[in-house]
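# Structural overview
Listed here are the chains, written in short residue letters.
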Amino acid sequence: MRSPAFPPRRPSHLVRYIFPAVLLLGLFYYLSNRPLDPQAPNTRLTSGHDPSISSSSSSTPSYNQGAPDVVNQPAKDPSSNQKPVHGNPEYDEDEDEDEDEPVHDAKPEPAQPVSPVSPVPPKTTTIHPIDELIDLAEKDFKDLLAKESKTLADAARAYRKRRGRHPPPGFDKWFEFAKENNAVVVEDFFDQVYHDLNPFWGVDAATIRDEAAGYEMVINIRNGNASAESDWFWTQIWLNMIQTIEHLLPDMDIALNAMDEPRLVVPWEDINAYMKKEKQSRILSPVKNTIGEFQKLPAPVKSEQKSVHIVDKEWENTNPYWLIARRGCPPDSPARKQPALTSFDNTPNFSPSWATPHQYQGYVSNSTLSSEFCHQPDLQGLEGIFIRPLTTSASKVLFPMFGGSKLATNNEILLPAPMYWNEEERFTGGDDHGPSWDSKVDPVIWRGVATGGRNNETNWKGFQRHRFVSMNNGTKLALAEEGTEPPVNFELPSAIYNLAAQKEKRLGPWVSQWSDVGFTDLFCDPDVEPKQEDGKCVYTDEHYETVLGQKLAVQFYYKYLPDIDGNSFSGRYLGFLRSTSVPVKSTLWREWHDSRLVAWKHFVPMDNRFDDYYGIMEYFLGYEDTVPGHDEAAEKIAMDGKAWAEKVLRKEDMQVYVLRLLLEYARLGDDRRETVGWVDDLLT
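Residues numbered from 1 in each chain as written. Predicted model: local features only at pLDDT ≥ 70, side-chain atom pairs only at ≥ 80, totals over all residues. Heavy atoms only, no water.

## Thoughts on the overall build of the protein chain
Put simply, the rule reads: Numbering of helices and strands starts at the N terminus; helices are DSSP runs of H or I of at least 4 residues and strands are runs of E of at least 2. Only protein chains enter the accessibility calculation, which uses a 1.4 Å probe; a residue is then buried when its area is under 20% of its type maximum, exposed when over 50%, and partly exposed in between. All accessible areas in this document rest on Shrake-Rupley with a 1.4 Å probe, and a residue is counted as covered only by the protein chains that are shown.
If you tally the helices and strands in the protein chain, you get 24 helices and 12 strands. Split into buried and exposed, the 684 residues of the protein chain put 58% on the buried side. Roughly 28,800 Å² of accessible area belongs to the protein chain as shown, and the carbon and sulfur atoms make up 51% of that amount.

## What to know about the sheet that holds strand E6 (residues 401–403)
Defined as follows: At least two bridges found by DSSP between two strands are what make those strands a pair. A contact between two residues is defined here by any heavy atoms of the two lying within 4.5 Å. In this analysis, axes come from line fits to C-alpha atoms, helices being fitted only over the stretch in contact, and the angle between any two N-to-C directions falls in the range 0 to 180 degrees.
With mixed pairing, the five strands of this open sheet are ordered in space as E2-E1-E3-E6-E7. In the strand order of this sheet, the two ends are held by strand E2 (225–228) and strand E7 (413–414), each with one partner. Both strand E1 (residues 218–222) and strand E3 (residues 252–256) contribute to a ladder of four bridges, which runs antiparallel. By the bridge assignment, Ile219 is partnered in E3 with Ile254. Against the sheet, helix H23 (residues 651–668) makes contact with E3, E6 and E7, and its axis sits at roughly 115 degrees relative to E3, the strand it touches most.

## Considering the packing of aromatic side chains
Here is the rule: Aromatic pairing here means that ring centres of Phe, Tyr or Trp (its six-membered ring) are within 6.5 Å. Orientation follows from the plane angle: under 30 degrees is stacked, over 60 is edge-to-face, and everything else is tilted. Here, a charge over a ring means that NZ of Lys or CZ of Arg falls within 6 Å of the ring centre while also lying within 35 degrees of the ring normal.
Within the structure shown, the criterion is met by 36 aromatic pairs. Ring geometry for Phe373 versus Phe386: centroids 4.9 Å apart, planes at 65 degrees, classification edge-to-face. Linking Phe373 in the loop between helix H11 (367–370) and helix H12 (384–387) with Phe386 in helix H12, this pair joins segments that are 13 residues apart in sequence. By relative accessible area, which is 0% here, Phe373 ends up buried. Here Phe386 falls in the buried class, since its relative accessible area comes to 0%. Joined through ring pairs, the aromatic side chains of Trp446, Trp460, Phe468, Trp510, Trp514, Phe519, Tyr544, Phe610, Tyr613, Tyr614 and Tyr623 make up one cluster. Sitting over the face of the ring of Phe190, Arg660 holds its NZ or CZ atom 4.7 Å from the ring centroid.

## Comments concerning the sheet that holds strand E9 (residues 515–521)
Strand order across the open sheet formed by five strands is E9-E8-E10-E11-E12, with parallel pairing between neighbours. This sheet does not close on itself; its edge strands, each paired only once, are E9 and strand E12 (604–605). Pairing of strand E10 (residues 558–564) with strand E11 (residues 582–586) involves five bridges; the strand directions are parallel. In the sheet register, Asp563 faces E11, and the bridge partner there is Lys585. Contacts from helix H15 (residues 464–471) reach strand E8 (442–449), E9 and E10, with the element oriented near 140 degrees to E9.

## Digging into the packing of helix H4 (residues 171–180) against H23
Just so we agree on the cut-off: We call two directions roughly parallel when the angle between them is under 35 degrees, roughly antiparallel when it is over 145, roughly perpendicular when it lies between 65 and 115, and oblique otherwise. Each residue receives one of three labels: charged for Asp, Glu, Lys and Arg, nonpolar for Ala, Val, Leu, Ile, Met, Phe, Trp, Tyr, Cys and Pro, and polar for the others, Gly being one of them.
Between H4 and H23, the least distance of the axes is 10 Å, while the angle of their chain directions is 175 degrees. With respect to H23, the axis of H4 lies roughly antiparallel. When H4 is examined against H23, the residues Phe171, Trp174, Phe177 and Ala178 are found in contact with a partner set consisting of Gln655, Val656, Leu659, Arg660 and Leu663. Grouping the constituent residues of the contact of H4 with H23 by class yields seven nonpolar, one polar and one charged.

## What to know about the environment of Trp514
Threshold: N or O atoms closer than or at 3.5 Å make up a polar contact, with two conditions inside protein: a donor-capable atom paired with an acceptor-capable one, and, for residues adjacent in sequence, both atoms drawn from side chains.
On the secondary structure map, Trp514 appears in helix H18 (residues 507–514). Considered as a pair, Trp514 and Val444 are 70 residues apart in the sequence and their alpha carbons are 6.1 Å apart. Aside from chain neighbours lying at most four places away, what touches Trp514 is Pro443, Val444, Asn472, Tyr613, Met617 and Leu621. Of the polar contacts made by the side chain of Trp514, one reaches the backbone oxygen of Trp510; its length is 3.1 Å.

## A few points about the side chain of Ser515
Relative to the assigned elements, Ser515 resides in strand E9. Those residues in contact with Ser515, other than ones at most four positions away along the chain, are Val444, Asn472 and Tyr613.

It is worth stressing that arrangement in space is one thing and function is another; only the former is reported here.
This is the structure in structure tokens:
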């Protein structure tokens, strides 16, 4: 029986308590679901991401954000959570050692159309976003150095934690070789190796051996001796490099790409399936069952027998190359979902909002993501490689082909490029790396040929080198600012950069004060009649004048060295890094050393549209008396980059990298590969 002291409550009493409770719950839900401050810096700022899983591999972001009507007209007001992130988010050192990377289903659910994320205008603050990026790069670099392995036991432990399996046989000899050559051993430095090789865990070992041995251009290694039938100059340079470590290598055959351009683009769906198999193979086999040596191989295949056992590659020459390159992107990516361009004859459309995922307040904060194009469909009309390469011969078949560089969706296995190993003066500058910072004569210099692919009268406006040279033409800039002559292949900078010279309509005169940029040859379409001579070109002569070339040793007397992709990667990059100048790097190409460099610490990253170029230069140079420059910050990047290149990008470091790469590659071609490994440290 209820006590009379507690009579039943009337509805009015209940409402009196329920209403405030619901109000409080609603307020709590609203506050807990507010987006993070889009301007808040992220403390992860390393230049890479998980290199074992590329755009054409399995761990990929979702792109379901709603679509613009056409590829170059992004949505006006999409959400943004813009932060300086250029870290290795999928290689988190705090994760459990046995935790695997996520793998997307090979056939994901149909995605909605996509749209880019709009950039967030900079805050009104005295702190420049580049200041934040530089500070975070310093922290990232210190974190990277803290991972250095000083002993063999440290190196083996770091390997098992990061790779999820035992090191390959010969790991102890590899580490000994590295230490004898004073190499800095950080497991992260070899991430590119696993990015390149991991899909091959999904291919049968015998198939790997047969495909490599049967290819047309091969380096053979038997009984510790490397040889090659081909006398092609790149083959001979790579052979020379491998012969310096041949005594430490097991039997194998190394197929080489003879072209400037990469050749393999395996569909994302296939790579995803291979990566699932790789994940399943990632085990630490019992020590007692682990085999500590590689299998021997029969004598190399003779030339006349090479086509007997290999798969037909069905080489294709589709143009534009974008149609080939994008098949390595996830099905729900903007590159796959946005329409392909059919004409390149007009002024390109620029959509910098697609760059937001790899930028912080308009500047590159993730240089690895910046080089990926699956989230940047507008680049199909802004890069010569996507419009019309010099040559196109591509295959969907995954087989072990080695090369010097590749795009994010290519599937070649990277070696140090031949010009890096050969150290030709035209690529390195020779022994002269430039004077001291205070002795340099001028700010910016760039010289080059109008390459990037096969330009012609109807497509040159989309080529990146043509765009960059135009952006450094003070006269063209002044006419564009006045509205007298709209730019034909670039756009004036966005208001997001808040440029003082632009506010005064003096962008042209300002750029003319510090820029020394020009083509040495307009690389005209060879089909044009009459044949062009002396570096001239009938359809671009009205826009460009050729200038005299300058040796790199002369260019090193300038403070800032923009590095712009040509037909493929820029062979001058290593020379720039070793110089006393600041490399300003824009690229779509992957190279062996990418995991060793930290953007904003060792070089200045630039977006492939170049829309941040003027903002970068205003930050470092300043503008008259109204905007202070940051000359000391530039000098520090130049000196830090030079010192680091001389420590981790030497020929000895190339040897250490290639030795590690080829030990891993040999294991992939071993029929017992799941149980082949080095476990001597666990036996003691």
